[in-house]
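Working through the structure, step by step
Spelled out from the first residue to the last, the chains are:
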Amino acid sequence: MVFKTIAARGNIVIESTDTVKLDRDWYFNQLSDLLRSTSKRALANYMMARLLTFTELLDFRFMELNNKYPADQSKKTTSTRWLQCLKTTQEKLPEAVYRMYVDKHFRKEDKDSVMAMIHNITETFHEILDKNTWLSNETKARAKTKLSAMGFNVGYPESLLDDNKLNAYYSNVFKPGFETLGFFELSLTMVKSSALENLKLLAAETEYPEKWPVSTSVAHAYHIPTRNSIFILAGILQPPFYYRMGSSSMNYGSIGSGIGHEISHGFDTAGSQYDENGELNDWWTWSDKYIFKYLATCYAHQYSFYNWEGHQVDGYKTLNENLVDHTGLDQSFLAYRRWVTKRGAEEEKLPDLNLTHNQIFFVSFAQLWCSKVKDGFHPFILQYETHAMGNVRVQGPLCNSNYFARTFDCKINSTMNPENKCFMW
């Protein structure tokens, strides 16, 4: 009944024969019991506390009280007015903000350049799989099928540049007379409109291809196993990940390794459970799964010996990310060398820089993870973050790369060139 009532607001009819998937069914199973066992006063106080979260949409009097008396006294914050307005605009009018960002900061040439890199890296991964010696022919064929079917999304969804679609998206907000609404009322209208748009997705037979899960303007890239797709957002296509006027060695070392990283997520311990259609499917042979887990254990042990700013790293918690950091790095380096071969000559040497372009590739990769962390936050990050951090994210992949060792002529069994390396593909 609850779902029927909610869906009806989006003009969606849920029949008794329809299946409703709940990611966390335990929550709904326990919610009724919790509500019955909680006093009315506690429920009323909770609802009022939730209502107070809307004080950021009110004037300065309420904002100052909210900052002065936060629920957690250790989290007192003071936000400038312009920053609060920017944050609220991004939250309430995301598609419009993304469009403005793309119009001002993104060029089609950037998208074409990155797409060319993606295709080169993908072809390189095909070649790596062809040469793999431990995968069975059956699993290898399925892996190549999945790689061929993988979707690649760069910059922004094309619908973002369609004025008619953008206007239709906000048609429930900017109705005649909306100018008379106050900021608070208009904000609530936007929240309601966004909720209705999300409800409409329930009626779609497949996932809505024009809806990207993360803001286009965010500096981020990600892989979605249920779509068998990777997304390289417009916000990440800037230094240090992407240099519009930079050498190919720089870009393959930076955004190229990131592309290889995201592609590899389709074949890590989690992504490998999904097939080319994004369906949960056990497409690996038993023996291949056993070897995969055995090889992955090497990465878990290696990273567990690392230390980040005086704190021990958990190589099992960061296993998937560590694995794809290394495989993505090697994919991108081989793709860069493939690009040089097709070009027929090395890139021109950069002035006043006594480095080869192979060396520049690895320097560009390492610069990605330069970071500064506030004192006291290291334990918190290690507890919740699934990526290795700072120097560990540089040292780990480079120590496993024979290409890095040869490029810098590292002595065998030196710190950056151990004799026993982890490998996967």
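Before reading further, recall that the structure is shown in the block above.
Residues numbered from 1 in each chain as written. Predicted model: local features only at pLDDT ≥ 70, side-chain atom pairs only at ≥ 80, totals over all residues. Heavy atoms only, no water.

1. Comments concerning the sheet that holds strand E3 (residues 229–233)
Note the threshold: The pairing criterion is simple: DSSP has to find at least two bridges between the two strands. Secondary structure elements are taken from DSSP: a helix is a run of H or I of four residues or more, a strand is a run of E of two residues or more, and numbering for both begins at the N terminus. Axes, fitted as lines to C-alpha atoms, cover a helix only where it is in contact. Angles between the N-to-C directions of the axes lie from 0 to 180 degrees. Here, residues are in contact when the closest pair of their heavy atoms is within 4.5 Å.
The three strands lie next to each other as E1-E3-E2, forming an open sheet whose pairing is mixed. Of all the strands in the sheet, the pair left with one neighbour each is strand E1 (151–155) and strand E2 (221–224). Strand-to-strand twist of the sheet, defined as the mean angle between neighbouring strand axes without regard to direction, takes the value 15°. Of the strand pairs in this sheet, E2 and E3 are connected by four bridges, and their pairing is antiparallel. Each residue of the ladder has a partner; that of His223, found in E3, is Ile230. Each of E1, E2 and E3 is contacted by helix H11 (residues 248–265), which is oriented at about 155° to E3, the strand it contacts most.

2. Concerning the pairing of E1
It is a general feature of regular strands that their side chains alternate between the two faces of the sheet. In plain terms, the rule: Burial here depends on accessible area, computed with a 1.4 Å probe over protein chains only, as a share of the maximum for the residue type. Under 20% is buried, over 50% is exposed, and the range in between is partly exposed.
Across the five residues that make up E1, a large majority, four, are buried. Of the strand pairs in this sheet, E1 and E3 are connected by five bridges, and their pairing is parallel. Looking across to E3, one finds that Asn153 is bridged to Phe231.

3. Describing the pattern of salt bridges
For clarity, the threshold we go by: Here, a salt bridge means any side-chain nitrogen of Lys or Arg that lies within 4 Å of a carboxyl oxygen of Asp or Glu.
Using the criterion set out here, one finds 14 salt bridges in the structure. In this structure, the salt-bridge partner of Asp103 is Arg99, at a minimum N-O distance of 3.0 Å. Here Arg99 and Asp103 lie together in helix H6 (residues 94–105), a separation of four residues that amounts to about one turn. Across the pair Arg338 and Glu127 runs a salt bridge whose closest N-O atoms are separated by 3.1 Å. Of this pair, Arg338 sits in helix H13 (residues 319–343) while Glu127 sits in helix H7 (residues 108–131), placing them 211 residues apart in sequence. We classify Arg338 as buried; its relative accessible area is 18%. What you see here is one network of salt bridges that share partners, running through Arg99, Asp103 and Asp163.

4. Examining unusual backbone geometry
Most peptide bonds take the trans form, and the phi angle of most residues other than glycine is negative. Following Pro239, the chain continues into Pro240 via a peptide bond in cis, with omega recorded as 5°. In this structure, Pro240 sits in the loop between E3 and H11. Of note, Asn228 is a non-glycine position whose phi angle comes to about 50°, a positive value. Mapping Asn228 onto the fold places it in the loop between E2 and E3.

5. Comments concerning a nonpolar patch on the surface
Rules: Candidates for patches are residues over 30% relative accessible area with no salt bridge; among them, like charges are joined within 9 Å and nonpolar side chains (Val, Leu, Ile, Met, Phe, Trp, Tyr) within 5 Å. Surface accessibility follows the Shrake-Rupley procedure with a 1.4 Å probe radius. Residue values consider only the protein chains on display as shielding.
A cluster of nonpolar side chains, contributed by Val20, Leu22, Trp26, Tyr27 and Phe28, occupies part of the molecular surface with about 480 Å² of accessible area. If you trace the backbone, Trp26 turns up in helix H2 (residues 25–37). Of the residues examined, Trp26 reaches a relative accessible area of 48% and is grouped as partly exposed.

6. Observations regarding the state of the cysteines
What counts here: Throughout, disulfides are identified as pairs of cysteine sulfur atoms within 2.5 Å of each other.
Taken as a whole and judged by the stated rule, the model has one disulfide. Two residues share a disulfide in this structure: Cys298 and Cys422, whose sulfurs sit 2.0 Å from each other. An S-S torsion of about -80° defines the bridge between Cys298 and Cys422 as left-handed. With Cys298 in helix H12 (residues 286–304) and Cys422 in the segment after helix H17 (402–407), this pair connects stretches of sequence that are 124 residues apart. With no disulfide of its own, Cys399 lies closest to Cys410 among cysteine sulfurs, the gap being 8.7 Å.

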